[in-house]
Amino acid sequence: MHIYKDGNTTRKGNRYCGVRALTIATGMSWSDAEKLLKQFVSIPLSRGIFKDEYDAALNSIGWHWVAAPKLTGRKARAEDLPSGTYIARQARHYVCVIDGDCHDTFDSTHKMVYGYWAKAA
């Protein structure tokens, strides 16, 4: 299911998905999320965030990468993730997933999930 959330910003466009997913998943303010990510990215946030740079930023606050579950006959989607709060990587997109629901400005529930970041226990 899709639940509309914009991360409490007026910024428009899908290119801020990494910032938006981070604010929704952590409760961090938009400005704090931008400050954190700017320490790790090589291009303006408005142009997107490379996976390796996003990974470094999330690792710095205690999140770790988990490969998507392997399923027979189809690719994993957000609904296939275990219960909890994650930041999922999809094709050209990052999205906050809470208990299998995509929290974002648009519905990406149909997109496959490559993997996700989870908060270290």
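Described below are features of the structure shown in this document.

What counts and what doesn't
- Residues numbered from 1 in each chain as written.
- Predicted model: local features only at pLDDT ≥ 70, side-chain atom pairs only at ≥ 80, totals over all residues.
- Heavy atoms only, no water.
- Helix = DSSP H or I, 4+ residues; strand = E, 2+ residues; numbered from the N terminus.
- Buried < 20%, exposed > 50% of the residue type's maximum accessible area, 1.4 Å probe, protein only.
- Core = buried A, V, L, I, M, F, W, Y, C linked by side-chain atoms within 4.5 Å.
- Contact = heavy atoms within 4.5 Å.
- Phe/Tyr/Trp six-rings, centres within 6.5 Å; stacked < 30°, edge-to-face > 60°.
- Pairing = 2+ DSSP bridges.

A separate point is unusual backbone geometry. Unusually for a residue other than glycine, Arg 92 sits at a positive phi of about 55°. Secondary-structure assignment places Arg 92 in the loop between β3 (85-90) and β4 (93-98). Positive phi is not limited to glycine here, since Asp 99 has a value of about 50°. Mapped onto the elements of the fold, Asp 99 is located in the loop between β4 and β5 (101-104). Overall, the relative accessible area of 48% leaves Asp 99 in the partly exposed class.

Take the nonpolar core next. One finds Leu 22, Leu 37, Tyr 54, Ile 87 and Tyr 94 to be the most contacted residues of the largest nonpolar core, which totals 23 residues. Of all the secondary-structure elements, those providing two or more residues to this core are α1 (17-26), α2 (30-38), α3 (51-60) and β4. With 6 residues, α1 is the largest single contributor of residues to this core. Among residues more than four places away in sequence, those in contact with Leu 37 are Gly 18, Val 19, Leu 22, Leu 45, Ile 49, Tyr 54 and Ala 57. By size, the runner-up hydrophobic cluster in this structure holds 12 residues, among which are Ala 76, Ala 78, Val 97 and Cys 102.

Now for the packing of aromatic side chains. If you walk through the whole model with that rule in mind, you get 6 aromatic pairs. Seen in terms of ring centroids, Trp 65 and Trp 117 are 4.7 Å apart; in terms of plane orientation they differ by 65°. Their pairing is edge-to-face. Of this pair, Trp 65 sits in strand β2 (residues 63-67) while Trp 117 sits in strand β6 (residues 113-119); the two residues are 52 residues apart in sequence, bridging distant segments of the chain. Of the residues examined, Trp 65 reaches a relative accessible area of 30% and is grouped as partly exposed. Centre to centre, the rings of Tyr 86 and Tyr 116 are 4.6 Å apart; their planes meet at 65°, and the pair counts as edge-to-face. With Tyr 86 in strand β3 and Tyr 116 in strand β6, this residue pair connects regions lying 30 residues apart in the sequence. For the residue pair Tyr 86 and Tyr 116, the accessibility class agrees, reading buried in each case. Members of the aromatic cluster, connected to one another through ring pairs, are Tyr 54, Trp 65, Tyr 94 and Trp 117.

Quick look at the pairing of β4 now. Burial of β4 is extensive: 6 of the 6 residues sit out of reach of the surface. With burial as the criterion, each face of β4 is covered, one bearing His 93, Val 95 and Val 97 and the other bearing Tyr 94, Cys 96 and Ile 98. Where β3 hands over to β4, the hairpin turn is made up of 2 residues, of which Arg 92 adopts a positive phi near 55°. Where β4 meets β5, 3 bridges bridge the pair, whose relative direction is antiparallel. Looking at the pairing, Ile 98 lines up with Asp 101 of β5. Between β4 and β5, which pair antiparallel one after the other, the connecting turn spans 2 residues, and Asp 99 there sits at a positive phi close to 50°.

From the geometry alone we can't say anything about function, so treat these as descriptive.
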